[in-house]
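Residues per chain, in single letters:
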Amino acid sequence: QVQLVESGGGLVQAGDSLRLSCAASGRTFSSYAVGWFRQAPGKEREFVAAIRWRGGNTYYAESVKGRFTISKDNAKNTVYLQMNSLKPEDTAVYYCASTTYDTTSYGEAYNYWGQGTQVTVSS
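Please read all numbers here as calculations on a predicted model, not as lab measurements. (Residues numbered from 1 in each chain as written. Predicted model: local features only at pLDDT ≥ 70, side-chain atom pairs only at ≥ 80, totals over all residues. Heavy atoms only, no water.)

Let us now look at the nonpolar core. The biggest cluster of nonpolar side chains holds 33 residues, and the ones touching the most others in it are Trp 36, Val 48, Phe 68, Val 79, Leu 81, Met 83 and Tyr 94. Among the secondary structure elements, those contributing two or more residues to this core are strand 1 (2-7), strand 3 (18-26), strand 4 (33-39), strand 5 (46-52), strand 7 (68-73), strand 8 (78-83), strand 9 (92-99) and strand 11 (117-122). With five residues, the top contributor of residues to this core is strand 5. Setting aside residues no more than four positions away along its own chain, Phe 68 makes contact with Arg 38, Val 48, Tyr 60, Leu 81, Gln 82, Met 83, Asn 84, Leu 86, Asp 90 and Tyr 94. (Core = buried A, V, L, I, M, F, W, Y, C linked by side-chain atoms within 4.5 Å. Buried < 20%, exposed > 50% of the residue type's maximum accessible area, 1.4 Å probe, protein only. Helix = DSSP H or I, 4+ residues; strand = E, 2+ residues; numbered from the N terminus. Contact = heavy atoms within 4.5 Å.)

Quick look at the side chain of Thr 117 now. As for its position among the elements, Thr 117 is in strand 11. Polar side-chain contacts of Thr 117 include one of 3.2 Å to the backbone nitrogen of Gly 9. In this structure Thr 117 touches Glu 6, Ser 7, Gly 8, Gly 9, Leu 20, Ala 92, Val 93 and Tyr 94, once residues within four positions along its chain are discounted. (Polar contact = N/O pair within 3.5 Å; in protein donor to acceptor, adjacent residues only side chain to side chain.)

What follows is the structure, given as structure tokens:
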């Protein structure tokens, strides 16, 4: 089992930056990857970014490439999502998730999810 707790969300203006954190505990050694997903009201959940827990390979949705950076600190069992040049369309609840499967962007394959943190970007 893996437990995930997100933090760092908030209300910012377009062009601002936020750094989200995902603190993991439990059987993190079983995790293949940790990902960030987001969901806006009335919209489907979408993949944002993911990082392999061991290898550190990163993956990004096209909509955030060049603006968002996912990273991790294995010693702290923490994954970060640095979000720069935020746009109103980035507004959503952001979820951290962990998967034990060989996957990165397929949300249905993620086993464990955090509670989510709200990110609101005003224009």
